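# Understanding the architecture of this molecule
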Amino acid sequence: MTTAPPAPAQHHRNLGPVGTLAGSEIGRLQKGYLDDRPDAVAALARLRRGAGKDTATIPDLWGLLDTEHLYADPALHQDAAHTALYTAATLYSLHQQSRGSRMHRPGGDELGAAVRRLMPGGDMDEPTRKRFVRAGSAATLPVLATRLREIVLLLRREDIALDYALLAEQLYQWQQRPWGPDSVRRSWGRSLHAHRAKPADPADVDPAADGSTSSSTDDRKDSAQ
């Protein structure tokens, strides 16, 4: 009897253990970074070295995230869970660099919706669409991570945030063969086409993102790294 794959995690509130832990750990680092805490600034600087790479091959990243809860769940594929968590965290660390507002937004945009925000006026932009398609067509997670790095750099440039807890959950699902990649691709494609430009929620605006204080803080962080 064939077991049907679980529904993709496009619904931001339905996260499994990987997404839940990613949201907690990335949220912790994000708060520390925006509070200009030296330990968080240093941790993100180290994590950035793994952005777009096979995180399992970079010993310097080990221990930067608390993965204890992953190993307490016997139902998880441990290697896949660990890889998804660290891949999402390294991409987030690159996204957050020199930004005074939160680039991880729990319950915020999925990857496809965030990419659609890159397109002027919400119209389909062919170069951006091609980057997105290249990411979706990746055959392996390391290749996917490399292509997501390119997209994250564009999102950072435009100050477009992403739900990294959801991304971590989807990177875990991506590794579940044979249904995983197609499930995640469908979810990303739906969010790309479903997105409609909408005004920012005032409650979502981080005061640290405005004014000279943020810039000077970021300058100090970059010089320290």
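For the structure itself, consult the block above.
What this report covers is the structure whose coordinates are included nearby. (Residues numbered from 1 in each chain as written. Predicted model: local features only at pLDDT ≥ 70, side-chain atom pairs only at ≥ 80, totals over all residues. Heavy atoms only, no water.)

## Comments concerning the packing of aromatic side chains
Rules: Between 30 and 60 degrees the pair is tilted, below 30 it is stacked and above 60 it is edge-to-face, where a pair is any two Phe, Tyr or Trp rings, Trp via its six-membered ring, whose centres lie within 6.5 Å. Helical segments are the DSSP runs of H or I of at least four residues, strand segments are the runs of E of at least two, and each set is numbered from the N terminus. Think of it in three bands: with a 1.4 Å probe and only protein chains considered, a residue is buried below 20% of the maximum accessible area for its type, exposed above 50%, and partly exposed in between.
With the rule as written, the count across this model stands at two aromatic pairs. When the centroid spacing of 5.6 Å and the interplanar angle of 75 degrees are considered together, the rings of Tyr92 and Tyr164 count as edge-to-face. Of this pair, Tyr92 sits in helix H4 (residues 78-96) while Tyr164 sits in helix H8 (residues 164-174), and the two are 72 residues apart along the sequence. Tyr164 carries the same exposure label as Tyr92, and that label is buried.

## Notes on the packing of helix H1 (residues 17-34) against helix H2 (residues 38-48)
Defined as follows: Think of each axis as a best-fit line through the C-alpha atoms, taken over the contacting stretch in the case of a helix, with angles from 0 to 180 degrees between the N-to-C directions. An angle below 35 degrees is treated as roughly parallel, one above 145 as roughly antiparallel, one from 65 to 115 as roughly perpendicular, and anything else as oblique. Left-handed is the label given to a crossing in which the near helix is rotated counterclockwise from the far helix by less than a right angle, and right-handed is the label when the rotation is clockwise. In what follows, residue pairs with any heavy atoms lying within 4.5 Å of each other are defined as contacts.
Axis separation between H1 and H2 bottoms out at 8 Å; the angle between their running directions is 120 degrees. Comparing the axis directions of H1 and H2 gives the class oblique. The element H1 and its partner H2 pack so that their crossing is left-handed. On H2, the residues that touch Leu29, Gly32 and Tyr33 of H1 are Ala40, Val41, Ala43, Leu44 and Leu47.

## Focus: the packing of helix H7 (residues 141-157) against H8
Their axes nearest at 11 Å, the elements H7 and H8 cross at an angle of 155 degrees. Considered as vectors, H7 and H8 are oriented roughly antiparallel to each other. In this structure, the crossing between H7 and H8 has a hand that is right-handed. Contacts between H7 and H8 involve Leu141, Leu144, Leu148 and Val152 from the former and Tyr164, Leu167, Leu171 and Trp174 from the latter.

## Looking at the pattern of salt bridges
Convention followed: Think of a salt bridge as a Lys or Arg side-chain nitrogen and an Asp or Glu carboxyl oxygen that are within 4 Å of each other.
One pass over the full model with this rule turns up twelve salt bridges. Its salt-bridge partner being Arg37, residue Asp39 comes within 2.6 Å of it at the nearest N-O pair. Given a relative accessible area of 47%, Asp39 falls into the partly exposed group. Judged by its relative accessible area of 38%, Arg37 is partly exposed. Notably, a salt bridge pairs Arg46 with Asp60, separated by 3.3 Å at the nearest N-O pair. With Arg46 in helix H2 and Asp60 in the loop between H2 and helix H3 (68-71), this residue pair connects regions lying 14 residues apart in the sequence. When its relative accessible area of 28% is taken as the criterion, Arg46 is described as partly exposed. You can call Asp60 partly exposed: its relative accessible area is 31%. Members of the salt-bridge network, linked through shared partners, are Arg46, Arg49 and Asp60.

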